[in-house]
Number of protein chains: 2
Amino acid sequence: MKKLILTLGFVCTAIFLFAQQSGTWIWYPGDFEVWLSNDMQNRRTERGTFFPPFWKMDSHYVLVEFHKEFDLQQEEEIAIYAEGKYNVKLNGKMLPGMPTKLKLGKGKQKINVKVYNQAQVPALYVSGKTVFTDKDWLATYEDKEWIDETGKASDQSGTTYVKAGYWNFNNAAQSPSKFRLPTRTEKAVASSKQGKGTLIDFGKNTFGFLTLHQLKGSGELSIYYGESKEEALAIETCETLDIIALEKQVGKDSTLALSKAFRYVYVEPKGTAAFNGASMEYEFLPVEDRGSFKSSDEELNKIWDVAKYTMELTSREFYIDGIKRDRWIWSGDAYQSYAMNYYLGFDSETVKRTILALRGKEPTVSHINTIMDYTFYWFLSIYDYYQYTGDKEFIASIYPRMQSLMQFCLDRRNTDGLMQGLSGDWVFIDWADGLSKQGEVSFEQLLLCRSLETMALCADLVGQKQDQQRYTKEATQLKAKIFDYYWNEQKGAFAHSRIDGKQTDNVTRYTNMFAIFFDYLSATQQQAVKDKVLLNEDIQKIMTPYMRYYELEALCALGEKDYVMKEMKNYWGGMLKLGATTFWEEYNPDKKGAEHYAMYGREFGKSLCHSWGASPIYLLGKYYLGVTPTAAGYEEYTIEPYLASLEWMEGKVPTPQGEIAIHVSKKKIKVQSPIGTGTLHIKSKVLPRCKQGTVKKLENDTYSVELKKGISYEVDYEA
Amino acid sequence: MKKLILTLGFVCTAIFLFAQQSGTWIWYPGDFEVWLSNDMQNRRTERGTFFPPFWKMDSHYVLVEFHKEFDLQQEEEIAIYAEGKYNVKLNGKMLPGMPTKLKLGKGKQKINVKVYNQAQVPALYVSGKTVFTDKDWLATYEDKEWIDETGKASDQSGTTYVKAGYWNFNNAAQSPSKFRLPTRTEKAVASSKQGKGTLIDFGKNTFGFLTLHQLKGSGELSIYYGESKEEALAIETCETLDIIALEKQVGKDSTLALSKAFRYVYVEPKGTAAFNGASMEYEFLPVEDRGSFKSSDEELNKIWDVAKYTMELTSREFYIDGIKRDRWIWSGDAYQSYAMNYYLGFDSETVKRTILALRGKEPTVSHINTIMDYTFYWFLSIYDYYQYTGDKEFIASIYPRMQSLMQFCLDRRNTDGLMQGLSGDWVFIDWADGLSKQGEVSFEQLLLCRSLETMALCADLVGQKQDQQRYTKEATQLKAKIFDYYWNEQKGAFAHSRIDGKQTDNVTRYTNMFAIFFDYLSATQQQAVKDKVLLNEDIQKIMTPYMRYYELEALCALGEKDYVMKEMKNYWGGMLKLGATTFWEEYNPDKKGAEHYAMYGREFGKSLCHSWGASPIYLLGKYYLGVTPTAAGYEEYTIEPYLASLEWMEGKVPTPQGEIAIHVSKKKIKVQSPIGTGTLHIKSKVLPRCKQGTVKKLENDTYSVELKKGISYEVDYEA
């Protein structure tokens, strides 16, 4: 059909490019997050081949209604922008066309806007003096506004309205579908001829879009990326590559379309294709520089710095696992990123985005990332988030999705009330040789129990008393069962699993160390676990920073902070000695040279920049600077500094209202906090002195000082 | 970031425009239907304003895996096309890039292709000599192909694979996202000056894109559409309009972007804007011309022809309600379109598409179109489809979605086990003044009961014995309850409803007439209903062709075919006398002139081309030509011709294998069938004679002849 389209009153997408004063783009909560995560997670390539996730990807609601009521003191004009086709109702009356401006009279005004968009997220931006889009607009994906034969609208709506989703798209031009992370140009630090090609070194592991300069001639340039030099040069086995075809190029620069992770790039030409130098567009999530750590130990400082850079690289549209390979959102990995983030950038928005993206949409047909344990970390992450931020609104908005996911879990229990991997369930726990996933693994029951406790806490927060009681009851019953079925008095440990209703002989670290910091054990049981499991060389060692995190946390909780400091320096320091510029997915000190780069049966399968490698940030912040919120959002908190082998340390820990600053030497502790009420715990050989506060004696050479916000405390003591 | 993108090995959509021999585009079943129905249903405008549906719109799976195994006798090369990013695995091994050609060796070959597409439906087309995409490829939205630490893929997949969806996109260039209905140019039949503008008449109600010829000058052309002349000229109240802006036009033709329904178009210019004549691009679904009807009664022939044209206009991407206003898929309306279609085009694909689009996706959060009765019609439509087509494959593929929707219904029953409108449920029944929807309406229970029987039948078909028993039990219990609660012996009728556990006084036609053709009543009860309800002038009359369909069907089932013939001529003939060129949404013979066009409190709110207006096609085919399948797919069928007031009639009724042709006069019946085994029922004053078959005497002047396929039967008899 031949069509000549003139200026019609109807266009598909109305976005106008001038900025406004107030308002923010809003959408159905979770929809932008799902849409953006689909995009991000489908950028993975393996040697040039598209490599998508293997779990269900969800989609946004294509048709969404937004509304809010106002009571205006004065007339005002508003501007309306939407991503998608839309209509506008003012006080129940539909307005002609797709109005971009609207005059509102004094008094009560109800504005409804309905937006349709199949390809992108239906989104709305309204700006005016007092009338503008914000988080208090309500949204629904079905307004059920039918009429009867006289044209009267239905009066019994079963519509569920929820508060709109939003982020920081605060002007009209900055619409959600256009979101891209920013980039900046970075230069290569070295370049050298290698065989038929050129090896370029960017000095450290990095992420972004490679630019080749002054392309010339015709033919092909094959680009092999490496997190290590070995990988870049291994053109048959490196994990990522690009091949670009040139035709009669005469000297222009070219930046590749798909981002990659690399420190080294090896480029081999074919034909007359040539280039002269390389740079890159470094892509990053802008996060405020808030948490910090410095000490008398340069190695430890380096560990903290490299951990911070590792976090910077793996904090993207969402918290991802690692930059080279998957670039997917893995719930267990993200759970650790959240924790590190609370001691680094305190970037709540990225935590919320990641939690929303992981949950996806109904119906729930499998565990998050298909992994049973990853479902449970998702629950745990939500109460943690509340504890650090005090953001009750988010808990209220996510609570229904928590409920339905928990129901999914409870429905999958076996006749013993335990969770066992059903067909399609991945029981992951850790990357560890020969780790059994058979039968009813104790670790999964423990995480389910903690998740039920989390449900009860959140139910209480959102005022769902019945739910709270139900979840508490389930948790209590399950906890009893866990001790009954798995605790082995003789071994002083939880057994790894039950098979066919019988406890297995196997003892692993996982359940035991989690039980420590979940505070499930008596003092005697704790001691037994410490001696017989955690400090027992015969129990299979952990080879991933992922689980080392929890292992060291458990040891910290048991007071073994000197030991943990040593381990931290050994383990993360070990990677640094091997030239690491970011921390790895797995590190086994017994391996040699390029052996370190192999994983999953592939020569360079291992990710050398993995978010779970960055845990020293968390450990140092929480157990050495010693800052922990004890009431939501740092309304209350404790500071329990511990120097271990250090002469001094200093740092900042972010809170919802600025940073807590701490300086600790063997004789003096300085603290200042912008928020809440803190308790400084001091271990001292002498009675500490503090001009700004009252020193209280506790027991065994321990003292406390109550901290009020805004005051600089100095305590003289002797470590 | 500045990017210069060269030829990369990675492009987003790979569609190549040369045709191939074999193969068809495939997708996740239902996904194309959901996607296309979103597009279609969001084209409604009301006086230029976008007017979307008020129920939840679903979306396709954005990431889908397709696979099939082959055993090749010889090497062959295949071509691969996808809508979206994709990867290909051959025998479990991922191939580099996005291959468009692939050589397959002899022997077993397993091909997996994974396609990602957020904006459109992930779709695949593979063509080769023996390896090509067809309906036997399997699809999933989560393949759960995780690996362990050694790189070994998981061996316990919980993946559910289903057979791929497809239609008729049989060459590579014809990809699903490009689907558009065809159009052809139609001319206006008259044009005249009216006030400031021009009134154009297209001779009959039609649908498509208006073309204005030789546009000139600058300014605006306001275009007002009317299904009636009155509507087109009512520039303040007509239902649809377009306004186009011209700037220094010098004589080009212009076709509007958005389709409209109209017989008349009134165009008013502003400024120097002008045009010279109009035509239109008539948009239509190509459907084979199969069913036919002709008789000695010219008025009846006209009724059939106009009904056929009404069906043609409302059969589009899907069966819609009407062409002017909603253009949405309404389950109750579609249910009637299916039935008419079985006596007209026998277009199974459009029936399946519509059923899939109506069901949408999980989770089920409300009734279909939010209407309780419309959910039930959806169930009923599926077994009807099977009965007419014998297509068991579709029943198997839709059965899981039937199960979950039935569960949704059963979960909404009250403590009495009855369905009552909950918050957000629309109890529709019919457009009728003052029709009560309060309490437990008997009509809804009756439809639920029939739906449960349908579930049992389908469960049996797909070999789900337990389900069959369960649904049968539920249906039996509910049926008993319906008689117990609603049957009023005194009134000889079902009561309309129960409120607060008490039967109401009200008797309406709906439950009573449905109970007739559901065959729920004893002979005595049938007689009571006929006399006290159906032929009782005191019971509120039905004003929609929608419910007249069922009313007349019930009367036909009760043997009142003479009466029904008269009613058909009166009612549908009445619309013709008012100049109808298509049949209406509602027709009340008592109204006058332009009163007929009003509805919903709007002057031109009524749709003058409504699919449910076309039911004479069904009634004439089923009760006068008298053809009904009695075993699935016309393996068995009956023909029971009835002339009523006609001298003769002839026609064709489509079956899965050609048409049954019938000619009936008062002395002779001629029949030929291409399929199954039929039974011709003859009412005759004399013993009929038939050379080609054996005449069997039944009772009361009725006889039968068994019909074999392919034989032309001639029966001499006396009506």
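Residues numbered from 1 in each chain as written. Chains lettered and ligands numbered in written order. Predicted model: local features only at pLDDT ≥ 70, side-chain atom pairs only at ≥ 80, totals over all residues. Heavy atoms only, no water.

Chain A is annotated in an unreviewed UniProt entry as Trehalase family glycosidase of Sphingobacterium oryzagri.

**Quick look at the interface of chain B and chain A**
Each partner contributes to the interface: chain B provides 92 residues, whereas chain A provides 92 residues. Interface area for chain B against chain A, summed over the two sides, is near 7,200 Å², with a carbon-plus-sulfur share of 60%. At the boundary of chain B and chain A, one finds zero salt bridges. Taken together, the elements giving at least two residues each to the side of chain B that touches chain A come down to β1 (7-8), α1 (31-41), β3 (45-46), β4 (49-50), β7 (85-90), β10 (107-116), β17 (197-226) and β18 (240-255) of chain B. (Contact = heavy atoms within 4.5 Å. Buried area = accessible area lost by both parts, 1.4 Å probe. Salt bridge = Lys/Arg side-chain N within 4 Å of Asp/Glu carboxyl O. Helix = DSSP H or I, 4+ residues; strand = E, 2+ residues; numbered from the N terminus.)

**Things to note about the sheet that holds strand β10 (residues 107-116) of chain A**
In sheet architecture, strand pairing relies on hydrogen bonds along the backbone and comes in two forms, parallel and antiparallel. All names here are of chain A. The six strands are arranged β8-β7-β10-β5-β12-β13 in an open sheet whose pairing can be described as antiparallel. The two strands at the open ends of the sheet, each matched to only one other strand, are β8 (93-94) and β13 (162-163). Across three bridges, strand β5 (residues 63-72) lies against strand β12 (residues 138-140) in antiparallel orientation. By the bridge assignment for β12, Glu 65 is matched with Thr 140. (Pairing = 2+ DSSP bridges.)

**Quick word on helix α5 (residues 348-359) of chain B**
Since one α-helical turn is 3.6 residues long, residues separated by three or four positions face the same way. All names here are of chain B. In this model, α5 (twelve residues) spans 17 Å end to end at C-alpha, consistent with the 16 Å of a helix rising 1.5 Å per residue. Judged by how many residues are buried, α5 sits mostly within the fold: eleven of twelve residues are covered. Taken residue by residue, α5 has Ser 348, Thr 350, Val 351, Lys 352, Arg 353, Thr 354, Ile 355, Leu 356, Ala 357, Leu 358 and Arg 359 as its buried positions. If you follow the buried residues of α5, they end up packed against α1, β14 (165-166), α4 (331-342), α6 (372-389) and α7 (392-410). Taken from the residues just after α5, Gly 360 is the one with a positive phi, measuring 60 degrees. (Expected span 1.5 Å × (residues − 1). Buried < 20%, exposed > 50% of the residue type's maximum accessible area, 1.4 Å probe, protein only.)

**Quick look at the domain arrangement of chain A**
All names here are of chain A. Split by domain assignment, chain A resolves into domain 1 (26-178), domain 2 (183-283), domain 3 (298-622) and domain 4 (625-716). Taking the mean C-alpha position of each, domain 3 and domain 4 sit 28 Å from one another. Residue-level contacts link 16 residues of domain 3 with 20 residues of domain 4. Where domain 3 abuts domain 4, roughly 1,400 Å² becomes buried across the two surfaces, and 58% of that area is made up of carbon and sulfur atoms. At the junction of domain 3 and domain 4, the tally comes to zero salt bridges. Run the count over domain 3 and domain 4 and you get seven residue pairs in polar contact (both at pLDDT 80 or more). Among the secondary structure elements, those contributing two or more residues to the side of domain 3 that touches domain 4 are α6 (372-389), α13 (561-577) and α14 (616-624). (Domains from an automatic or database assignment. Polar contact = N/O pair within 3.5 Å; in protein donor to acceptor, adjacent residues only side chain to side chain.)

**Comments concerning the relation of the copies chain B and chain A**
Once chain B is rotated about the relating axis by 180 degrees and shifted along it by 0.0 Å, it coincides with chain A to within an RMSD of 0.0 Å. Expressed as an axis order, the relation between the two copies is that of a two-fold axis. For chain B, the residue whose C-alpha comes nearest the rotation axis is Ala 119 of chain B, separated from it by 1.9 Å. The fraction of interface residues of chain B whose copies in chain A are also interface residues reaches 100%, indicating that both copies meet through the same surface. (Least-squares fit on C-alpha atoms with pLDDT ≥ 70 in both.)

**What to know about the side chain of Asp 467 of chain A**
Residue and element names in this part refer to chain A. Its location among the elements puts Asp 467 in helix α9 (residues 465-486). Buried and unpaired, Asp 467 has no salt bridge, with Arg 470 as the nearest side chain of opposite charge at 5.6 Å. When sequence neighbours within four positions are dropped, the list of residues in contact with Asp 467 reads Tyr 399, Gln 403 and Ala 459. (Lys, Arg positive; Asp, Glu negative; His and termini not counted.)

**Some points on the UniProt feature "domain: Alpha-L-rhamnosidase six-hairpin glycosidase" (unreviewed entry) in chain A**
The UniProt record marks residues 289-622 of chain A with the feature "domain: Alpha-L-rhamnosidase six-hairpin glycosidase" (unreviewed entry), using the residue numbering of this structure. Helix makes up 53% of residues 289-622 of chain A and strand 4%, and the two end C-alpha atoms of the span are 18 Å apart. (UniProt positions renumbered as here; feature names shortened; annotations may be inferred.)

**Some words on the pairing of strand β11 (residues 123-127) of chain B**
Residues and elements named next belong to chain B. Buried residues dominate β11, accounting for five of its five residues. With burial as the criterion, each face of β11 is covered, one bearing Ala 123, Tyr 125 and Ser 127 and the other bearing Leu 124 and Val 126. The pairing of strand β6 (residues 76-83) with β11 spans five bridges and is antiparallel. Across the sheet, the residue bridging to Ala 82 is Leu 124, located in β11.

**Description of the side chain of Ser 259 of chain B**
Residues and elements named next belong to chain B. Structurally, Ser 259 can be placed in the loop between β18 and β19 (260-271). You can call Ser 259 buried: its relative accessible area is 2%. At a separation of 2.6 Å, a polar atom in the side chain of Ser 259 contacts the side chain of Arg 327. With sequence-adjacent residues up to four places away left out, Ser 259 is seen in contact with Phe 207, Gly 208, Phe 209 and Arg 327.

**Description of the environment of Tyr 717 of chain A**
Residue and element names in this part refer to chain A. Positionally, Tyr 717 belongs in the segment after β36 (712-716). Linking Tyr 717 and Glu 349, residues 368 residues apart in sequence, is a C-alpha distance of 40 Å. In this structure, Tyr 717 is in contact with Leu 643, Val 664, Ser 665, Lys 666, Lys 667, Lys 668, Ile 669, Ile 682, Lys 683, Ser 684, Val 686 and Pro 688, ignoring residues within four places of it in sequence. Polar contacts involving the side chain of Tyr 717 include one to the main-chain carbonyl oxygen of Ser 665, which spans 2.7 Å.

**Details of α7 of chain B**
Residue and element names in this part refer to chain B. Counted at 1.5 Å a residue, the expected span for α7 with its 19 residues is 27 Å, and the 25 Å between its end C-alpha atoms agrees. The sharpest bend along α7 comes to roughly 45 degrees, located at Ile 398, with the proline Pro 400 sitting one to four residues further on. All of the buried residues in α7 are Phe 394, Ile 395, Ile 398, Tyr 399, Arg 401, Met 402, Leu 405, Met 406, Phe 408, Cys 409 and Leu 410. Buried residues belonging to α7 abut α5, α6, α8 (442-461) and α9 (465-486). Among the residues of α7, the N-terminal cap falls to Asp 391, whose side-chain oxygen and the backbone nitrogen of Glu 393 are separated by 3.2 Å. (Bend = angle between axes of the 7 residues up to and from the residue.)

**Points about the sheet that holds β10 of chain B**
All names here are of chain B. Here six strands make up an open sheet; going across it, the order is β8-β7-β10-β5-β12-β13 and the pairing antiparallel. With one partner strand each, in any of the chains shown, β8 (93-94) and β13 (162-163) form the two edges of the open sheet. As paired elements, β7 and β8 share two bridges and run antiparallel to each other. Opposite Lys 89, over in β8, you have Met 94 as the bridge partner.

**Notes on the pattern of salt bridges**
Residue and element names in this part refer to chain B. Applying the stated criterion to the full structure yields 98 salt bridges over all chains. In this structure, Lys 666 and Glu 647 form a salt bridge, with 3.7 Å as the shortest nitrogen-oxygen distance. Highlighted residues: Lys 666 in the loop between β30 (658-665) and β31 (668-672) and Glu 647 in the loop between β28 (636-639) and β29 (648-655), separated in sequence by 19 residues.

**Some remarks on the packing of helix α7 (residues 392-410) of chain A against helix α8 (residues 442-461) of chain A**
All names here are of chain A. Running from N to C, α7 and α8 point in directions that differ by 140 degrees, and their axes come no closer than 10 Å. If you check the angle between α7 and α8, you find them oblique. The crossing of α7 and α8 is left-handed. Across the interface between the two elements, Lys 392, Ile 395, Tyr 399, Met 402, Gln 403, Met 406 and Leu 410 of α7 pack against Leu 448, Ser 451, Leu 452, Thr 454, Met 455, Cys 458, Ala 459 and Leu 461 of α8. (Axes fitted to C-alpha atoms, helices over the stretch in contact; angles between N-to-C directions. Parallel < 35°, antiparallel > 145°, perpendicular 65-115°, else oblique. Left-handed = near helix turned anticlockwise from the far one by under 90°.)

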